[in-house]
Amino acid sequence: MVPLQIDRHLMFTIGLAIRPCSNCTLGGRLSGVYNNISLELPKTALLQAHYFRKPNVYVTNFPDNPTSSFNYTGKPPSNIMAKGGTRLSYLPFNSNVQLVLQSTAIVALENHPIHLHGTNFFVVGMGLGNYNASSDPLSFNLIDPPERNTIGVPLGGWVALRFQANNPGVWFMHCHLEFHTSVGLATAFVIENGPNPEDSSFLHLWTFPPADDDQAMIGRSIQNVFFLSTMVHRCRNHLYSIHRLPTLKLYAPSA
Ligand SMILES: [Cu+2]
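Calculation rules
Residues numbered from 1 in each chain as written. Predicted model: local features only at pLDDT ≥ 70, side-chain atom pairs only at ≥ 80, totals over all residues. Buried ≥ 20, exposed ≤ 12 C-beta atoms within 10 Å, placed from the backbone. Helix = DSSP H or I, 4+ residues; strand = E, 2+ residues; numbered from the N terminus. pLDDT = per-residue confidence, 0-100. Contact = placed C-beta atoms within 7 Å. Core = buried A, V, L, I, M, F, W, Y, C linked by C-beta atoms within 7 Å. Pairing = 2+ DSSP bridges. Axes fitted to C-alpha atoms, helices over the stretch in contact; angles between N-to-C directions.

A.B. asks: Help me understand unusual backbone geometry in this model?
C.D. replies: Keep in mind that most residues, glycine aside, have a negative phi and that most peptide bonds are trans. If you check the backbone angles, N94 has positive phi at about 70° while not being a glycine. What makes N94 partly exposed here is the crowd of 16 C-beta atoms within 10 Å. Despite not being glycine, V107 shows a phi value in the positive range, around 70°. Within the fold, V107 resides in the loop between β6 (95-103) and β7 (112-116). What makes V107 partly exposed here is the crowd of 17 C-beta atoms within 10 Å.

Put into structure tokens, the structure is as follows:
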């Protein structure tokens, strides 16, 4: 169901920019950015850091909105320098999110196919030019919007997405032009655990019953495989919700 009551309104500009680079011939290098932030991948996997609560890998202060507004699809500002960082967006469990992706004309207009891992979203609106938060929502389709996991942000335009953050974990959202992802056009949502074991990112794997019989051993082995698969960043849409598999149903202890 498309969320009707929104808990978090997000607007991310999306496009290309330049990052300062002292070693580069021109003093800068092409980067991909959301809200003028180019993702720097840490050495520790994001999901691993989240799972083990390891500090100093990422921060969850990704800005909900562009830090300054400008004519996104018109003449670019004079300063097109981007910042880097491992800044993610934190979402409480089950929060209803509206995310507007606004393309920018910085460096070059491009149709960026944006792919979100972990959950599908509803495409409730789309348009050309700059998104207007007052008038554009009036024409949103909240009745039967298409449900997708990838959307091409219109060239020189915007798209409005809605989803419920009901799949705990760390979920990459990136441009599927691989080069753009490689130069930082990516971020991730940290969706916090819910109140029930089945709504936790897979912490229950470690509280799995002792492997005191063959069935339990097999169950644990399967879980470890799934755990490792998750750690290498599989997508729910490619292998459905692997970290929320009904683990306890694989091995149902009788006592
Ligand atoms: Cu792109």
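Structure shown, so let's carry the discussion forward.
A.B. asks: What's the story with the confidence of the model for the protein in this structure? I'm lost.
C.D. replies: Close reading of the predicted structure is inappropriate where its pLDDT is low. Considering every residue of the protein, the mean pLDDT works out to 84; 79% of them sit at 70 or more. Throughout residues 223-255 the model reports pLDDT below 50, and contacts reaching past four residues in sequence, or to other chains, amount to 43 contacts.

A.B. asks: Would you mind going over the nonpolar core with me for this structure?
C.D. replies: Side chains that are nonpolar tend, in soluble globular proteins, to be buried together. L101, L161, A188 and F189 are the most contacted members of the largest nonpolar core, which totals 48 residues. Excluding residues that lie within four positions of it along the chain, F189 makes contacts with L88, S89, L91, A165, W171 and M173.

A.B. asks: Teacher, can you tell me more about the pairing of strand β12 (residues 169-175) here?
C.D. replies: Side-chain direction in a regular strand flips from residue to residue, so the side chains alternate between the two faces of the sheet. Of all the seven residues making up β12, six are buried; the element is thus mostly covered by neighbouring parts of the structure. Here β7 pairs with β12 via three bridges, running antiparallel. Its bridge partner lying in β12, I114 is registered against C175. Bridging between β12 and strand β13 (residues 186-191) involves six bridges; their strand directions are antiparallel. Among the inter-strand pairings, W171 is bridged to a residue of β13, identified as F189.

A.B. asks: Would you take a moment to explain the sheet that holds β13 for this structure?
C.D. replies: Spatially, five strands are ordered β5-β13-β12-β7-β10 in an open sheet, and the strand pairing comes out mixed. In this open sheet, the two edge strands, each paired with only one partner strand, are β5 (89-91) and β10 (150-153). Sheet twist, expressed as the average angle between the axes of neighbouring strands with direction ignored, equals 20°.

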